[in-house]
Amino acid sequence: MLCWQRTARRIACHPQLGLAGVESFGVTLENGNGGVVVLGPGRVLPPRLLAWRHLPEHRVIVIASRDEAVVLQPWRRGVNAVAAALVAVLGIAAAYSMAAASARARARAADAALTLSEARAALVADALDVAIWFRNTPTGITRFFGDSVTRITGHDRQFLESRRGTWTDVVQHPADRPALRAARAAADAADARGEPASDRSATFRIVRPDGTVRWLHSRTRRLGDGSSVGVLHDVTELTHAQSALARREAELGEVLRLAGIGTLRLPPGRHVVEPSAELAAGWGLAEGGALLSLEEFAAMITPETRAAAMEAFAAVRRTGGSADVEFAVRLPNGSVRLIWSRARCETDPDGERGAVVVVCQDITERRAAQTALAQAQRMSALGHLTGGVAHDLNNLLTVVLLNLEGVMEELPPGSLALAATAQAVRAAETAARLTAQLLAFAGRQPLRPESLDPSAVLAELVPMFGRALGPRIAVAVNVALGTPSVYADPTQLRTALLNLAANARDAMDGTGRLVITVGPDSEGNVAFAVTDEGSGMSEDVAARAFEPFFTTKPAGQGSGLGLSQAYGFVAQSRGTIGIESTPGFGTTVRFVLPSAPGDGRPRRDVEEAAHAALVA
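What you are looking at is a predicted structure, and each value in this text was computed from that prediction instead of being measured.

The rules behind these values
- Residues numbered from 1 in each chain as written.
- Predicted model: local features only at pLDDT ≥ 70, side-chain atom pairs only at ≥ 80, totals over all residues.
- Heavy atoms only, no water.
- Core = buried A, V, L, I, M, F, W, Y, C linked by side-chain atoms within 4.5 Å.
- Buried < 20%, exposed > 50% of the residue type's maximum accessible area, 1.4 Å probe, protein only.
- Helix = DSSP H or I, 4+ residues; strand = E, 2+ residues; numbered from the N terminus.
- Contact = heavy atoms within 4.5 Å.
- Salt bridge = Lys/Arg side-chain N within 4 Å of Asp/Glu carboxyl O.
- Pairing = 2+ DSSP bridges.
- Axes fitted to C-alpha atoms, helices over the stretch in contact; angles between N-to-C directions.
- Patch = residues over 30% accessible without salt bridge, like charges linked within 9 Å, V, L, I, M, F, W, Y side chains within 5 Å.
- Areas by Shrake-Rupley, 256 points an atom, 1.4 Å probe, with all protein chains shown as cover.
- Lys, Arg positive; Asp, Glu negative; His and termini not counted.
- Charge placed at Lys NZ, Arg CZ, Asp CG, Glu CD.
- Phe/Tyr/Trp six-rings, centres within 6.5 Å; stacked < 30°, edge-to-face > 60°.

Caption draft 1: Structural context of the nonpolar core. Membership of the largest hydrophobic core comes to 36 residues, with the highest contact counts inside it found for L493, L514, F528, F591 and L593. At the level of elements, α13 (454-469), β18 (486-488), α14 (490-507), β19 (512-520), β20 (526-531), α16 (562-572), β21 (576-581) and β22 (587-593) are the ones that each hand at least two residues to this core. It is α14 that provides the largest number of residues to this core, a total of six residues. If you look at the next biggest cluster of nonpolar residues, it comprises 25 residues, including L264, L331, V358 and C360.

Caption draft 2: The arrangement of the environment of G519 in detail. Tracing the sequence through the fold places G519 in strand β19. According to the relative accessible area criterion, G519 is buried, its value standing at 11%. Put simply, G519 and G482 are 37 residues apart on the chain and 7.7 Å apart in space, counted from C-alpha to C-alpha. Those residues in contact with G519 that lie beyond four places of it in its chain are A480, T483, N525, V526 and A527.

Caption draft 3: The arrangement of the pattern of salt bridges in detail. Under the defined criterion, the tally for this structure stands at 14 salt bridges. R337 is paired through a salt bridge with E365; the nearest N and O atoms lie 2.6 Å apart. Of this pair, R337 sits in strand β14 (residues 336-347) while E365 sits in helix α11 (residues 364-410); the two residues are 28 residues apart in sequence, bridging distant segments of the chain. Note on R337: relative accessible area 18%, which makes it buried. Here E580 makes a salt bridge to R590, at a shortest N to O gap of 3.1 Å. Of this pair, E580 sits in strand β21 while R590 sits in strand β22, and the two are ten residues apart along the sequence. Ionic contacts of the salt-bridge type, sharing partners, join the residues R265, R270, E274 and E346 into one network.

Caption draft 4: Quick look at the sheet that holds β21. Here we have five strands laid out as an open sheet, ordered β17-β19-β20-β22-β21, and mixed in their pairing. This sheet does not close on itself; its edge strands, each paired only once, are β17 (473-479) and β21. Put simply, the sheet's adjacent strands are angled 15° from each other on average, direction ignored. In terms of strand pairing, β20 meets β22 through six bridges, oriented antiparallel. Residue pairing in the sheet places A529 in a bridge with R590 of β22. Sheet strands touched by α13: β17, β19 and β20. Its angle to β17, the strand with the most contacts, is close to 175°. Where α14 meets the sheet, it contacts β17, β19, β20 and β22, and its direction lies at approximately 170° from that of β22.

Caption draft 5: Layout of unusual backbone geometry. Although it is not a glycine, D509 adopts a positive phi angle of roughly 55°. Within the fold, D509 resides in the loop between α14 and β19.

Caption draft 6: Molecular detail of the sheet that holds strand β5 (residues 131-135). Pairing is antiparallel in the open sheet, where five strands are placed in the order β6-β5-β9-β8-β7. The sheet is open, and its two edges are formed by β6 (142-145) and β7 (200-207), each paired on a single side. For this sheet, the mean angle separating the axes of adjacent strands, direction not counted, is 30°.

Caption draft 7: Broad picture of a negative patch on the surface. The grouping of E405, E409, E410 and E429 at the surface amounts to a negative patch. Top contributing element to the negative patch by residue count: α11, with three residues. Classification of E409 as exposed rests on a relative accessible area of 68%.

Caption draft 8: Summary view of the packing of aromatic side chains. Under the defined criterion, the tally for this structure stands at four aromatic pairs. Geometrically, the ring pair formed by F297 and F327 is edge-to-face, given 6.4 Å between the ring centres and 85° between the ring planes. Taken as a pair, F297 in helix α9 (residues 294-300) and F327 in strand β13 (residues 322-330) lie far apart in primary sequence, 30 residues in all. Judged by its relative accessible area of 0%, F327 is buried.

Structural measurements only, silent on function.
Next up, the structure:
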């Protein structure tokens, strides 16, 4: 019996029974006759708590009772889990409800902030009279803030925001659309390449509904989401003012260029010189007025004027005053120009001295004109004086010659008195020739101009050149093709050419080469040039070369009237004459005479000059 009880306990504790917490149990065994044998005592439990399990393989039926708490524990655990789940669901629902309410509150706050921001943008736009806009990428519609866009464009804001492309198709000027479209395409391509976004600006025209054209300036910024914001403002008056200013600056620059005016700036603390664009162009410096070092600028000034100019500029910097300076510069092309300048020192509001600004003007032509005018005035005065004296002397010589000729008729042939009288006649004739040269210089000799072929005139003179100049002077004559006939007095023209050739011979000491060229000038007149290989003249000598009786020859070797005769003849013939000479490099005398009229008729101006000389 005890063995069966132990067996029953082992069976009762079998894991398949799941009888944990069993307080009492009873075991019944089926006997061979179908009866039931109860093994072991057990207290009787309420029927609702009885549990049994039939184990056929062991021919056992196990009956047990459980504690109420133990039996109900799984059910209660499930109920608690469901309750916890319901609580969790309710918490989630409550949290979602609260989040939704918060989101709605935030949305309402965002809408309020957006409305406030738009109102502020509109207020700023209207206050500054600019148009602030926003373009959404998906729709491509541009939205404007404030009413300024209507004042600027003349279009209603609702119309501009009505559809995509209104701004480009209606408002923008047709001539500016391609450039603006290309700029926008370039910006889109840059965004597609991932390049950093940057502000873009453009100035373009729009057409208002009434047809007027206005200029706008736009500044655009691309946002991270592809949208764009920008500001537009009307710059029509500014654009017109800038255009007028640019036009006036260009006109002023042209005036300064024609007048040869420019500026040099010598900044403090730097050994550089900043020429203006006008001065750089006039002096042939680098494009745009490149900087010059102080040493380079000083090297451009000729040695004769360098020290005075640089000292004057330094004194202006030291004293803060101003100074007028004349100096000469040698330009990159080798020419020498005379410059007048006025230097002054800039000062800031605190009285600190700044750069020295030098206003420069090229006065080369003015000084040459002044010199020529002074020379002409001197020559005119000499002409009047010489002409008056020569005229009176010529009258006296006429009386002397007439009386000497009468005396010679009364004297016996072969007498000493006749020989002396003949010598007096020759001296009077020499004086008459000198007087004629003086009259020629004064422009008071009678002229008989006619149409002359320059080639024929020079062909007649070549043999005379050979006899007058000597065998050691080579003469070359060159008459250009197409040279027109010259209208001049033939005798005076030949005399002028002979006098110039004689002066050239003396300048070459009787040995050298003389070149005479003739050709048309730019105005259709006939230009002559007589060039020698002599010692040349200094500027002072050349300035006085046409004065009567002026000569550099030793006393008794020249009258000093050869060039004076040529000067007077050319001036009286309505021509011009000048000397180009450099010491050691020879001399060229150039003179221009009027060409003969095409139909062979006399030139009225030259005839009038000849008649005036005859009357005088």
